[in-house]
Amino acid sequence: MTAAPRAELLSLNTATVREQWNLRQMIEACARHGIRGISPWRDKLDELGVHEAAALIRQHGLTVTGLCRGGMFPAADAAGRRAAIDDNLRAIDDAATIGARCLVLVVGGIPAGSKDLSGARQMVIDGIAAVLDHARAGRVPLAIEPLHPMYCADRACVNTLDQALDICDALDPVPPGAPPSGMIGVAVDAYHVWWDPDLARALERARPERLLAYHICDWLVPTTDLLLDRGMMGDGVIDLPALRALVEASGYRGFHEVEILSTRWWQRDPDEVLRIVQERHQRCS
């Protein structure tokens with residue numbers, strides 16, 4: 001039986017209470033509930049202001065486990081691709097300002113009107129390559145998040161951990177016997193990777209330096225909305241303790257970031273949601 005996770009490793013991805021609170025309220029609530037990590041989304045960060053958010057996060061002693069999100073690189077023309085790169089450069093700067101451990105990349109799908117999947121994937125590689133030096137200079141690791149294949153067309157044409165690691169290895173080659181730089185890696189999200197029959201082997205391949213973030217929630221049966229019906233840990237079919245054991249066996253020692261995009265949970269009292277998140281983190285993940 002897998003031991004319960006350490007409570008101090010819990011982090012709140014702000015999507016979990018995005019409809020109830022602004023970022024100031026989220027930061028203050030994390031401190032109030034004893035949650036030591038937080039991962040803001042950029043829209044909430046923009047509302048508060050990046051410098052004010054950074055000061056408030058420091059004041060409450062929180063660790064920023066990630067900033068959501070960069071990416072969305074593919075576009076129908078050169079101007080669109082350049083705009084995406086510029087947006088990612090700004091996201092890197094914001095991540096550096098708030099002290100984020102990584103910038104999570106949801107890489108983007110196939111451009112409107114296109115059917116060229118391989119071309120979209122090449123745009124992803126080219127886009128990440130264009131911003132990687134800026135990320136290195138700002139000491140902001142880039143975490144490629146593979147998304148479930150159902151999102152391949154519109155949100156992320158990188159759908160397995162192996163695909164994401166292939167990009168890391170291409171852009172950040174590792175000399176024999178040396179560790180990866182730690183400046184580009186992956187975000188492992190239970191919702192997106194739990195189904196993959198090659199997941200255990202891919203996690204072994206990743207090595208600790210590539211494992212930049214670990215996101216948790218559950219997969220409900222039935223799922224009524226493919227984007228906004230994620231489950232609270234323990235309410236679905238993912239064996240989260242077994243998945244955590246695999247992630248930790250591969251060397252990951254970071255936070256467990258709860259990210260629940262759910263219209264069901266957005267209707268609940270947010271303080272109640274955080275109490276349930278804390279209890280389920282201990283009991284079901």
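The coordinates are above.
Scoring rules and cut-offs
- Residues numbered from 1 in each chain as written.
- Predicted model: local features only at pLDDT ≥ 70, side-chain atom pairs only at ≥ 80, totals over all residues.
- Heavy atoms only, no water.
- Helix = DSSP H or I, 4+ residues; strand = E, 2+ residues; numbered from the N terminus.
- Rg over C-alpha atoms; globule rule 2.2 N^0.38 Å.
- Buried < 20%, exposed > 50% of the residue type's maximum accessible area, 1.4 Å probe, protein only.
- Contact = heavy atoms within 4.5 Å.
- Areas by Shrake-Rupley, 256 points an atom, 1.4 Å probe, with all protein chains shown as cover.
- Lys, Arg positive; Asp, Glu negative; His and termini not counted.
- Charge placed at Lys NZ, Arg CZ, Asp CG, Glu CD.
- Pairing = 2+ DSSP bridges.
- Salt bridge = Lys/Arg side-chain N within 4 Å of Asp/Glu carboxyl O.
- Phe/Tyr/Trp six-rings, centres within 6.5 Å; stacked < 30°, edge-to-face > 60°.

> For this particular structure, what's the right way to read the overall build of the protein?
Along the protein, the regular secondary structure elements total 10 helices and 9 strands. Relative to its length of 285 residues, the protein is compact, with a C-alpha radius of gyration of 18 Å against a globular reference of 19 Å. In terms of overall dimensions, the protein has C-alpha extents of about 45 × 40 × 40 Å along its principal axes. Sorting the 285 residues of the protein into buried and exposed places 54% on the buried side. Taking contacts inside the protein between residues at least 6 apart in sequence as the whole, the part at least 24 apart equals 80%. For the protein, the exposed surface amounts to about 11,700 Å²; the carbon and sulfur share of it is 52%. Of the side chains in the protein, 30 bear a positive and 38 a negative charge, and the two mean positions are spaced by 2 Å.

> What's the story with the pairing of strand 5 (residues 103–106) in this structure? I'm lost.
Consecutive side chains of a regular strand alternate in pointing toward one face of the sheet and then the other. Burial along strand 5 is two-sided: Leu103 and Leu105 and Val104 and Val106, pointing in opposite directions, are all buried. Judged from the 4 bridges that link them, strand 4 (residues 67–71) and strand 5 form a sheet pairing that is parallel. Within strand 5, the position partnered with glycine 70 by the bridge is leucine 105. Where strand 5 meets strand 6 (residues 142–144), 3 bridges bridge the pair, whose relative direction is parallel. Each bridged residue has a counterpart across the sheet, and for leucine 103 the counterpart in strand 6 is leucine 142.

> Would you take a moment to explain unusual backbone geometry for this structure?
Most of the time, phi is negative for any residue but glycine, and the peptide bond is trans. Backbone torsion omega between cysteine 68 and arginine 69 reads -5 degrees, so that peptide bond is classified as cis. Tracing the backbone shows arginine 69 in strand 4. Cis geometry is adopted by the peptide bond preceding proline 222, which originates at valine 221 and carries an omega value of 0 degrees. Mapped onto the secondary structure, proline 222 falls in the loop between strand 8 (211–216) and helix 9 (240–249). The residue arginine 139 is not glycine, and still its phi comes out positive at about 55 degrees. By the element assignment, arginine 139 lies in the loop between helix 5 (117–138) and strand 6. Exposure remark for arginine 139: the relative accessible area of 59% places this residue in the exposed category. A positive phi angle, close to 65 degrees, is found at arginine 207, a residue other than glycine.

> Where do I start with the pattern of salt bridges in this structure?
Oppositely charged side chains may form a pair once their charged atoms are brought near each other. One pass over the structure, following the stated rule, counts 24 salt bridges. Salt-bridge contacts for arginine 230 lead to glutamate 259; the nearest nitrogen and oxygen are separated by 3.5 Å. Of the two residues, arginine 230 is situated in the loop between strand 8 and helix 9 and glutamate 259 in the loop between strand 9 (256–258) and helix 10 (270–284); the sequence distance between them amounts to 29 residues. Considered together, arginine 230 and glutamate 259 belong to a single accessibility category, that of buried residues. We note a salt bridge from arginine 244 to glutamate 248, for which the minimum N-O separation is 3.5 Å. Taken together, the positions of arginine 244 and glutamate 248, both in helix 9 and 4 residues apart, correspond to about one turn of that helix. For arginine 244, a relative accessible area of 4% translates into the label buried. Given the relative accessible area of 25%, glutamate 248 is considered partly exposed.

> Sorry, what's going on with the packing of aromatic side chains here?
Two numbers describe a pair of aromatic rings. These are the distance of the centres and the angle of the planes. Following the criterion strictly, the structure yields 3 aromatic pairs and no others. When the centroid spacing of 6.2 Å and the interplanar angle of 70 degrees are considered together, the rings of tyrosine 214 and tyrosine 252 count as edge-to-face. Taken together, the positions of tyrosine 214 in strand 8 and tyrosine 252 in the loop between helix 9 and strand 9 put the pair 38 residues apart, joining distant regions of the chain. You'll find tyrosine 214 and tyrosine 252 in the same group, each marked buried. Aromatic rings pair up to connect Tyr191, Trp194 and Trp219 into one cluster.

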